[in-house]
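Chain by chain, the residues run as shown.
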Amino acid sequence: MGYTLNFAAVWRSFDLLLQGLALSLALAFGAILIGAIIGLITAFGLISKNGLIKRPAGIYVTIIRNTPILVLVLFSYFALPQLGLRLGKIESFVFTLALYSGAYLAEVFRAGLLSIPPGLREAGLAIGLTEMQIRTSIIAPLMFRNILPSLSSTIISLFKDTSLAAAIAIPELTFEARKINVESFRVIETWIVASCLYVFTCSILAALMRSVERRLSLPR
């Protein structure tokens, strides 16, 4: 084919890729923190016996989970300003990614909540705890311990989804890689390095989450 690999142009701009990677991580963690709050509230709504609470929670999860995330990103950035809601690029993307992750985490949290034996709630009531104290002191810690494997997968998936921020010109890793690719014409080299950075980062995140799982696992 006559193509010779030459990574020189990529290495000259490697600092831009690292800056893009740092921004990708910031976008992911900002979204997961907000999304976890949304997801937890929605999960309690999904298991509520009150239809006025359960129905809106179910509608939110259904709409978000069945809409492509790229469509949500473009709608948030381009359509919402037409309705009077103007956000910056980063704020718009984090808001969208948080809503998206919240819908998926709601199902994860719901499964975790349903895995808690109902006897624990009754025991908490018996010793005089309020519903809020039971949820924060007993149910939530046990739930998080049960859902850690699923939560780990969601965090890693969300980090990879930050590549969609390039669609609205946020200078994260994929955007910077595309910029280097256009300027240097080193297509293969650029995307090899970018892919390696994604794989390396995802591996580190997976290792950290496995470490947390081991620390929180119950002794057998």
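Residues numbered from 1 in each chain as written. Predicted model: local features only at pLDDT ≥ 70, side-chain atom pairs only at ≥ 80, totals over all residues. Heavy atoms only, no water.

Asks: Would you mind going over the overall build of the chain with me for this structure?
Replies: Helix and strand counts for the chain come out as nine helices and zero strands. Secondary structure elements of the chain, listed N to C terminal, follow the sequence α-α-α-α-α-α-α-α-α. Overall, the C-alpha framework of the chain stretches about 75 × 50 × 25 Å when taken along its three principal axes. Sorting the 220 residues of the chain into buried and exposed places 39% on the buried side. (Helix = DSSP H or I, 4+ residues; strand = E, 2+ residues; numbered from the N terminus. Buried < 20%, exposed > 50% of the residue type's maximum accessible area, 1.4 Å probe, protein only.)

Asks: Looking at this structure, I do not really get the packing of helix α4 (residues 69-79) against helix α5 (residues 89-114). What am I missing?
Replies: When two helices pack together, their arrangement is given by the angle between their axes and by how far apart the axes lie. Across the interface, α4 lies against α5 with an axial gap of 9 Å and an inter-helix angle of 140°. Between α4 and α5, the angle is such that the two are oblique. As α4 runs across α5, the sense of the crossing is right-handed. Between α4, through I69, L72, V73, S76 and Y77, and α5, the contact on the second element is made entirely by K89, S92, F93, F95, T96, L97 and Y100. (Axes fitted to C-alpha atoms, helices over the stretch in contact; angles between N-to-C directions. Parallel < 35°, antiparallel > 145°, perpendicular 65-115°, else oblique. Left-handed = near helix turned anticlockwise from the far one by under 90°. Contact = heavy atoms within 4.5 Å.)

Asks: Please explain the UniProt feature "transmembrane region" (unreviewed entry) in the chain as it appears in this structure.
Replies: Here the UniProt-annotated "transmembrane region" (unreviewed entry) positions come out as residues 20-47, 59-80, 92-113 and 191-212. A helix fraction of 82% and a strand fraction of 0% characterise residues 59-80, whose end C-alpha atoms lie 20 Å from each other. Note that residues 191-212 is 100% helix and 0% strand, and that its end C-alpha atoms are spaced 31 Å apart. (UniProt positions renumbered as here; feature names shortened; annotations may be inferred.)

Asks: Just checking my understanding: could you explain the nonpolar core for this structure?
Replies: In summary, soluble globular proteins display a tendency toward joint burial of nonpolar side chains. In terms of nonpolar packing, the biggest core is built from 36 residues, with L27, I64, F93, L97, F109 and I170 touching the most fellow members. Contributions of two or more residues to this core are made by α2 (14-46), α3 (51-65), α4, α5 and α7 (131-161). No other element matches α5, which puts 10 residues into this core. Excluding residues within four positions of it along the chain, F93 makes contact with L27, V73, D161, T162, L164, A165, I168 and I170. Listed in part, the 16 residues of the second largest apolar core include L17, I180, C202 and A206. (Core = buried A, V, L, I, M, F, W, Y, C linked by side-chain atoms within 4.5 Å.)

Asks: I would appreciate a short explanation of the packing of aromatic side chains in the present structure.
Replies: In this description, a pair of aromatic rings is defined by centroid distance and the angle of the planes. Per the stated rule, a full pass over the model turns up five aromatic pairs. Between F7 and W11, the ring centres sit 5.9 Å apart and the planes meet at 25°, which makes this aromatic pair stacked. Among the residues examined, F7 registers a relative accessible area of 23% and is labelled partly exposed. When the centroid spacing of 4.9 Å and the interplanar angle of 75° are considered together, the rings of Y77 and F78 count as edge-to-face. The class for Y77 is partly exposed, based on a relative accessible area of 22%. The exposure class assigned to F78 is partly exposed, which follows from its relative accessible area of 48%. (Phe/Tyr/Trp six-rings, centres within 6.5 Å; stacked < 30°, edge-to-face > 60°.)

Asks: Is there a simple way to explain the environment of L33 in this structure?
Replies: Mapped onto the elements, L33 comes out in helix α2. You can call L33 exposed: its relative accessible area is 60%. Spatially, the C-alpha atom of L33 lies 22 Å from that of I47, the residues being 14 residues apart in sequence.

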